[in-house]
Amino acid sequence: MKKVNILVSFLLIIGFQACNTSNQKDQVLNQIEEMRKEVAPDKRVAIWDLQFENGTLRGETDQIEALEQILETWESAGIEIKDEVTRLPSTELGDKTRALVTISVANIRSQPKHSAELATQALLGTPVRVLKKDDSWYLVQTPDGYLSWVDQAGIQLMSEDELANWFIQSKVVFTPLSGHIWQDQSQSMMVSDLVAGNILAVKEVQSKWLEVQLPDGRNGWVQASEVMPWEQWIASRETSPKNLVSTAKSMMGIPYLWGGTSIKGVDCSGFTKTIFYLNGKVIPRDASQQVNEGLEVDTDKNWDNLEVGDLLFFGEKATEEKKERVVHVGMWIGNNEFIHSRGRVRISSFDPNSPNYDEYELNRYLRTKRIINQQSDGVISVSELLTSK
């Protein structure tokens, strides 16, 4: 969890020097808001939903260290506050606070219902944190920090020990864009479909076939030529311009899907996230988050500054009345062209003489960021997925 800023702590103490007044409620609320800005400025990746009324603090948070600090500060200042805040993960979960995705692509939604907006997706074998339950739905946090809801059919709940045991098993990664796990080698009945990047445990190795196991215990067979040992797959991942372009172009024509991050359908940031994932890097989920990573290389449409693999961001420029709004992202592939998902995965050009000239995106271009070979807090190696952190 992000460490609480010392300045915020100082302000909390100073602020309560005047708390023995009728303005106590406002001061408490102000301190809650200041702490939110520090530890949970983006509600997509952190929960700080607190309310204060009649001397009682209610709500929920997964920022436990910050909550305990703010409570200790109030206690030190002599402020009596009744603590009824729910700490997440919820105690209702017991020790089942971790899970693995157990279907090829899990649809993860903004609310605990199938009719809710698709927020993101997670691939088979992806470990997630589990925070709370609502009927048959679970609030989970994906490795990129994204918080949203998944139906219980999409995950296998686990304790930390059970997840650690799965981590140490021999595993393979499915490499074609799509395929299947079969009940047996006759390929007469399917156990599950598969997409690129799915992670499976290995039970038995034969010459041309592997028996594999899904996180929920189902077994089946895949062709050996379609998978790669996890360690070998990780070692072969290189987030190079050539690899990124090759992966991106292999997805040409895949339909746009709001919330999609797989070859079954992608939105704009889901597309860039997927091509980086398949080449070894986990980047943030949304365009408005991705724009905060890497090195800024252009804001003036000087395409000579760009290199293949750079991410281009589009939207509404800042004005005196409102902040910049990032709504779209694509990847530079050279020759005045970029590839992106708008309607479908396509190539667009900034060259007016090109048949792919995209005046619409040109007019809303904002900036370009470089993630390749750049240190960035929000970018991790795919190898970090299979750790017990």
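As a reminder, the structure under discussion sits directly above these lines.
Just so it is clear, the model here is predicted, and its values are computed rather than measured. (Residues numbered from 1 in each chain as written. Predicted model: local features only at pLDDT ≥ 70, side-chain atom pairs only at ≥ 80, totals over all residues. Heavy atoms only, no water.)

K.L.:
How should I be thinking about the pattern of salt bridges in this particular structure?
P.N.:
When the charged atoms of two side chains with opposite charge come close together, those side chains can pair. For the structure on display, the rule yields 26 salt bridges. Residue E33 is joined to R36 by a salt bridge in which the shortest nitrogen-to-oxygen separation is 2.7 Å. Taken as a pair, E33 and R36 lie in helix α2 (residues 24–39) at a separation of 3 residues, close to a single helical turn. Judged by relative accessible area, which is 30%, E33 ranks as partly exposed. (Salt bridge = Lys/Arg side-chain N within 4 Å of Asp/Glu carboxyl O. Helix = DSSP H or I, 4+ residues; strand = E, 2+ residues; numbered from the N terminus. Buried < 20%, exposed > 50% of the residue type's maximum accessible area, 1.4 Å probe, protein only.)

K.L.:
Where do I start with the sheet that holds strand β2 (residues 56–61) in this structure?
P.N.:
Either a parallel or an antiparallel arrangement is found when strands of a sheet pair, and the pairing is made through backbone hydrogen bonds. Taken together, 3 strands build an open sheet; the order of strands is β1-β2-β3 and the sheet is mixed. The open sheet has two free edges, formed respectively by β1 (48–53) and β3 (82–87), since each of these has just one partner strand. Neighbouring strand axes in the sheet, compared pairwise and without regard to direction, differ in orientation by 10 degrees on average. The pairing of β1 with β2 spans 6 bridges and is classified as antiparallel. Note that in β2 the partner of W48 across the bridge is T61. Across the sheet, α2 is in contact with β1 and β2; its angle to β1 comes to roughly 175 degrees. Helix α3 (residues 64–76) rests against β1, β2 and β3 of the sheet, and its axis sits at about 175 degrees to β3. (Pairing = 2+ DSSP bridges. Axes fitted to C-alpha atoms, helices over the stretch in contact; angles between N-to-C directions. Contact = heavy atoms within 4.5 Å.)

K.L.:
Just checking my understanding: could you explain the environment of A235 for this structure?
P.N.:
In this fold, A235 is placed in helix α5 (residues 230–236). For A235, a relative accessible area of 67% translates into the label exposed. It is 39 Å that separates the C-alpha atoms of A235 and S354, two residues lying 119 residues apart in sequence.

K.L.:
Looking at this structure, I do not really get the packing of aromatic side chains. What am I missing?
P.N.:
Tallying each qualifying case throughout the model produces 11 aromatic pairs. Aromatic side chains W233 and Y277 sit 6.2 Å apart centroid to centroid with 45 degrees between the ring planes, which places their arrangement in the tilted category. Here Y277 lies in helix α7 (residues 268–277) and W233 lies in helix α5, a separation of 44 residues in the sequence. Residues F314 and F338 carry aromatic rings whose centres are separated by 5.4 Å and whose planes lie at 35 degrees to one another, so their mutual orientation is tilted. Here the residue F314 occupies a position in strand β22 (residues 311–316), and F338 occupies one in strand β24 (residues 337–342), the gap between them amounting to 24 residues. Overall, the relative accessible area of 0% leaves F314 in the buried class. Here a set of aromatic residues connected by ring pairs shows up, and it is made of W303, F314, W332, F338, F350 and Y365. Lying across the ring of W166, K171 places its NZ or CZ 4.8 Å from the centre. (Phe/Tyr/Trp six-rings, centres within 6.5 Å; stacked < 30°, edge-to-face > 60°. Lys NZ or Arg CZ within 6 Å of the ring centre and 35° of its normal.)

K.L.:
What exactly am I supposed to notice about the packing of helix α6 (residues 241–250) against α7 here?
P.N.:
What describes two packed helices is the angle between their axes and the distance between those same axes. As a packed pair, α6 and α7 sit with axes 9 Å apart at the nearest point and diverge in direction by 125 degrees. Classified by the interaxial angle, the pair formed by α6 and α7 is oblique. Remark: the crossing between α6 and α7 carries right-handed chirality. Across from L244, T247 and A248 in α6, the residues of α7 making contact are F271, I275 and F276. Grouping the constituent residues of the contact of α6 with α7 by class yields 5 nonpolar, 1 polar and no charged. (Parallel < 35°, antiparallel > 145°, perpendicular 65-115°, else oblique. Left-handed = near helix turned anticlockwise from the far one by under 90°. Nonpolar A, V, L, I, M, F, W, Y, C, P; charged D, E, K, R; others polar.)

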